[in-house]
Structure formats: C-alpha cells, structure tokens
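# Observations on the three-dimensional arrangement
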Amino acid sequence: MYEKDIVFLYVSSPYSSIFYQCEIIEANLDHVFEDENIHMQKAMRLKLKKRYDISEFILERLKEYGIKSVRGPRHVPKALVKLLKE
C-alpha cells in the first residue's frame, strides 16, 4: 500500500458490507499493537473520502463481482472499483 492509494473498508458480521472509501495519507507507519485477537506492527493513516449505505455493498452483491469472502486485504475487480467510485 502506498500514499494516495484508495482503500475500501469492509465491516464483517453482522453487517458484511463495505462501509468506507478512504485515501492513504501515510503508509507503513511503525505502530505496535497486540491483544488476544490482533498482532500488528505497521499502520496507515487514512482520509475518509466516502461513506456507503450499510446495504449498498453487502457480501451477496460483492459475490456478483467474484469476491467470495473477505478475510484480509483483497484485490477489487475493475468493474467493482468503477461502481464504488461513482
């Protein structure tokens, strides 16, 4: 991930939907965080560009674009990126 890249943030259960479009302001920041669920050594600073309605980009709709599950960073198909950026 690099500065100026666009990222789409997906929120899992109970929503299972893309909630936000953000631009990376700073990437690969040293930031250590650890708890019983997460171990993290790098972070990024984001700028919110757009909010989506909870029901707009649910997992069932994402499956129409070939996204079967979201368990971490994923490539977004060009047709879906076009739709997300409208």
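To be clear, the structure that these remarks concern was listed above.
Below: a short report on this structure. Note that residues are indexed from 1 along each chain, following the sequence as it is written. Selection of residues for local features in this predicted model requires a pLDDT of at least 70, selection of side-chain atom pairs for listing and counting requires 80 or more, and totals for whole chains, interfaces and linings are taken over all residues. To obtain the side-chain values, all non-hydrogen atoms of the structure were included, while hydrogens and water were left out.

All right, on to the sheet that holds strand β3 (residues 39-51) then. For two strands to pair, DSSP has to find at least two bridges joining them. Going along the chain from the N terminus, every DSSP run of H or I of four or more residues is numbered as a helix, and every run of E of two or more is numbered as a strand. Ordered by their spatial adjacency, three strands build an open sheet running β1-β2-β3, and the pairing between neighbours is antiparallel. Where the open sheet ends on each side, the last strands, each with one partner, are β1 (6-11) and β3. Each neighbouring strand pair of the sheet contributes to a mean axis angle of 55 degrees, computed without reference to strand direction. Think of each axis as a best-fit line through the C-alpha atoms, taken over the contacting stretch in the case of a helix, with angles from 0 to 180 degrees between the N-to-C directions.

All right, on to the packing of aromatic side chains then. Between the rings of Phe, Tyr and Trp (Trp by its six-membered ring), a pair exists once the centres lie within 6.5 Å; its type follows the angle of the planes, with under 30 degrees stacked, over 60 edge-to-face, and the other angles tilted. For the structure shown, the criterion picks out three aromatic pairs. By way of ring pairs, the aromatic residues Y15, F19 and Y20 are connected into one cluster.

Once that is clear, we can look at the environment of I25. Of note, I25 is situated in strand β2 (residues 17-34). For the pair formed by I25 and D5, sequence separation is 20 residues and the distance between their alpha carbons is 8.4 Å. Note on definitions: a residue-residue contact is assigned when non-hydrogen atoms from the two residues lie within 4.5 Å. Non-local contacts of I25, meaning those with residues more than four positions away in its chain, are made with E3, R45, L46 and K47.

A few words on the side chain of S17. By the secondary structure assignment, S17 is in strand β2. Ignoring sequence-local partners within four residues, the contact set of S17 consists of L9, Y10, V11, D53, I54, F57 and I58.

As a further point, take the nonpolar core. To define a nonpolar core, start from buried Ala, Val, Leu, Ile, Met, Phe, Trp, Tyr and Cys residues and group those joined through side-chain atoms within 4.5 Å. Each residue's exposure class comes from its accessible area (1.4 Å probe, protein chains only) as a fraction of the maximum for that residue type: buried when under 20%, exposed when over 50%, partly exposed otherwise. Of all hydrophobic cores here, the largest spans ten residues; its members are F8, I18, Y52, F57, L59, L62, I67, L80, L83 and L84. Where this core is concerned, the elements lending two or more residues are α1 (59-63) and α2 (78-85). Beyond its immediate chain neighbours, meaning those up to four positions away, F57 contacts S16, S17, I18, Y52, L62, L80, L83 and L84.

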